[in-house]
Amino acid sequence: MAQELTERSRHGSPETHAPTPTWYKAIMLGLLVAGLLWLIVYYLFQGTYPVPGIGTWNIGVGLALMMVGLIMTTKWR
């Protein structure tokens, strides 16, 4: 009993986690790529695209998309 508790405390709970669903991986990678492409388009077209009306906030949109994708990687198994 004591050895089992020691093993459990060292390695966490004995149950295994299910692998990450394919749709989660696709959304995660899609957000990372979309954010990167958003920034590339913004710099290539000197701020006239993707959304001309928001100006430098396009950088924030691209970074936000990439951050959501990055946060999603913490739940990837």
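Every chain is numbered independently, its residues counted from 1 as its sequence is written. Predicted model: local features are reported for residues with pLDDT of at least 70 only, side-chain atom pairs are reported and counted for 80 or more only, and whole-chain, interface and lining totals are derived from all residues. Note that the side-chain values use all heavy atoms of the structure and ignore hydrogens as well as water.

### Considerations on the packing of aromatic side chains
Alright, step 1. Here a Phe, Tyr or Trp ring, Trp counted by its six-membered ring, pairs with any other such ring whose centre lies within 6.5 Å, and the pair is stacked when the planes are under 30 degrees apart, edge-to-face when over 60, and tilted otherwise. By the definition in use, this model includes three aromatic pairs.
Alright, step 2. Between the aromatic rings of Tyr 42 and Tyr 43, the centroid separation amounts to 5.3 Å while the plane-to-plane angle is 75 degrees, which identifies the pairing as edge-to-face.
Alright, step 3. A relative accessible area of 10% places Tyr 42 in the buried class.
Alright, step 4. Given a relative accessible area of 54%, Tyr 43 falls into the exposed group.
Alright, step 5. For the ring pair Phe 45 and Tyr 49, a centre distance of 5.3 Å and an interplane angle of 80 degrees mean the geometry is edge-to-face.
Alright, step 6. Categorising residues by exposure relies on relative accessible area from a 1.4 Å probe, with only protein chains included: less than 20% of the type maximum marks a residue as buried, more than 50% marks it as exposed, and the intermediate range marks it as partly exposed. Residue Phe 45 is classed as partly exposed on the basis of its relative accessible area, which comes to 43%.
Alright, step 7. Assessed through its relative accessible area of 46%, Tyr 49 is described here as partly exposed.

### A word on the packing of helix H2 (residues 22-44) against helix H3 (residues 57-72)
Alright, step 1. Interaxial angle, 0 to 180 degrees, is taken between N-to-C directions of lines fitted to C-alpha atoms, where a helix line uses only the stretch in contact. A run of DSSP states H or I qualifies as a helix once it reaches four residues; a run of E qualifies as a strand once it reaches two. Both are numbered from the N-terminal end. Between H2 and H3, the shortest axis-to-axis distance is 8 Å and the interhelical angle comes to 160 degrees. The orientation of H2 with respect to H3, classified from their angle, is roughly antiparallel. Pair H2 / H3 crosses with left-handed handedness. Contacts from Tyr 24, Ile 27, Met 28, Leu 31, Leu 32, Ala 34, Gly 35, Leu 36, Trp 38, Leu 39, Tyr 42 and Tyr 43 in H2 reach Asn 58, Ile 59, Val 61, Gly 62, Leu 63, Leu 65, Met 66, Val 68, Gly 69, Leu 70 and Met 72 in H3.
Alright, step 2. Under this grouping Gly is polar, as are all residues other than the nonpolar Ala, Val, Leu, Ile, Met, Phe, Trp, Tyr, Cys and Pro and the charged Asp, Glu, Lys and Arg. Residue composition of the contact of H2 with H3, grouped by class: 19 nonpolar, four polar and no charged. Angles below 35 degrees are treated as roughly parallel, those above 145 as roughly antiparallel, those between 65 and 115 as roughly perpendicular, and all remaining angles as oblique. Take the far helix as the reference: if the near one is turned anticlockwise from it by less than a right angle, the crossing is left-handed, and if turned clockwise, right-handed. The contact rule is simple, with two residues in contact once any of their heavy atoms fall within 4.5 Å.

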